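# Architecture at a glance
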Amino acid sequence: MNKVVTYILLFVLFLMLILIRFYEDVLFYDPYLNFFQNDYLYIDSPRREIAKLVGFTTLRFVLNTIISLAILYVIFKDKSILKFSSIVYSMAFVVLMLVYLYFVINPRQEDYYLFFNIRRFLIQPIILILLLPAFYYHKLKN
């Protein structure tokens, strides 16, 4: 793939991640957006529709995952990295979603900070931020 095309693809893919974040309040149902922007350690958990919340959180995770996998493939052009990353994302989704559901169903003020961080891994491309330097380092070592 031509370097110019690669850079354009990366620009478009990163722009898509930015747009998901920028329009999150319009695209996704998430009562925790405003909750965590306020002084959440001292207020009660917001009212929420659990099925709708889980569905939109899953949708956001899937969108971020697809774009992140595309970014990894464009950068490294290695299907084994793509397969490994898919496994990491799948396992992370299962574990994080179970913990997320626990916190959504059983909200306690003393757990809000941990809940905030678990939720962050689900709705933001943090796994990509972890995988990019790891694969780059792995590539340099080989």
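In what follows, the structure referred to is the one given above.
Attention here is on the structure that accompanies the text. (Residues numbered from 1 in each chain as written. Predicted model: local features only at pLDDT ≥ 70, side-chain atom pairs only at ≥ 80, totals over all residues. Heavy atoms only, no water.)

The subject of this paragraph is the overall build of the protein chain. Along the protein chain, the regular secondary structure elements total seven helices and zero strands. Counting only residues that meet the buried cut, the protein chain has 38% of its 142 residues in that class. Sequence-distant contacts, at least 24 apart, represent 71% of the contacts inside the protein chain between residues at least 6 apart. Per element, the accessible surface of the protein chain, about 9000 Å² overall, is 68% carbon and sulfur. (Helix = DSSP H or I, 4+ residues; strand = E, 2+ residues; numbered from the N terminus. Buried < 20%, exposed > 50% of the residue type's maximum accessible area, 1.4 Å probe, protein only. Contact = heavy atoms within 4.5 Å. Areas by Shrake-Rupley, 256 points an atom, 1.4 Å probe, with all protein chains shown as cover.)

Attention now moves to the packing of aromatic side chains. Evaluated as defined, the whole model comprises eight aromatic pairs. Relative to F103, the ring of Y102 has its centre 5.4 Å away and its plane inclined at 65 degrees; by these criteria the two rings are edge-to-face. Judged by relative accessible area, Y102 falls into the partly exposed class, the value being 41%. The buried category is assigned to F103, whose relative accessible area is 6%. An aromatic cluster is present here, built from Y100, Y102, F103 and F115 joined pairwise through their rings. (Phe/Tyr/Trp six-rings, centres within 6.5 Å; stacked < 30°, edge-to-face > 60°.)

At a closest axis distance of 10 Å, the pairing of helix α1 (residues 3-22) and helix α4 (residues 50-76) adopts a crossing angle of 160 degrees. Classed by the angle they form, the pair α1 and α4 counts as roughly antiparallel. At the point where α1 passes α4, the crossing takes the left-handed sense. Across from T6, L9, L10, L13, F14, M16, L17, I20 and R21 in α1, the residues of α4 making contact are R60, L63, N64, I67, A70, I71, V74 and I75. (Axes fitted to C-alpha atoms, helices over the stretch in contact; angles between N-to-C directions. Parallel < 35°, antiparallel > 145°, perpendicular 65-115°, else oblique. Left-handed = near helix turned anticlockwise from the far one by under 90°.)

So, about the pattern of salt bridges. This model, assessed by the stated rule, comprises one salt bridge. A salt bridge links R60 to E24, with the nearest nitrogen and oxygen atoms 2.6 Å apart. Of this pair, R60 sits in helix α4 while E24 is found in helix α2 (residues 24-27), placing the two residues 36 residues apart along the sequence. Judged by its relative accessible area of 3%, R60 falls in the buried class. (Salt bridge = Lys/Arg side-chain N within 4 Å of Asp/Glu carboxyl O.)

For the rest of this paragraph, the subject is a nonpolar patch on the surface. Together, V4, I8, F11, V12, L15, M16, I18, L19, F22, Y23, V26 and L27 make up an exposed nonpolar region whose accessible area comes to about 1200 Å². Listed by contribution, the elements that provide at least two residues to the nonpolar patch are α1 and α2. If you tally residues by element for the nonpolar patch, the top one is α1, at nine residues. With respect to the helices, strands and loops of the structure, L19 is situated in helix α1. Owing to a relative accessible area of 38%, L19 belongs among the partly exposed residues under this scheme. (Patch = residues over 30% accessible without salt bridge, like charges linked within 9 Å, V, L, I, M, F, W, Y side chains within 5 Å.)

So, on to α4. Counted at 1.5 Å a residue, the expected span for α4 with its 27 residues is 39 Å, and the 38 Å between its end C-alpha atoms agrees. At the exit of α4 stands K77, carrying a positive phi of roughly 50 degrees. (Expected span 1.5 Å × (residues − 1).)

Our next topic: the side chain of S85. Topologically, S85 is positioned in helix α5 (residues 79-105). Given a relative accessible area of 0%, S85 falls into the buried group. Within the structure, the side chain of S85 is placed 2.8 Å from the backbone oxygen of I81, a separation counted as a polar contact. For S85, the residues in contact, after removing those within four places along its chain, are L69, L72, L131 and F135. (Polar contact = N/O pair within 3.5 Å; in protein donor to acceptor, adjacent residues only side chain to side chain.)

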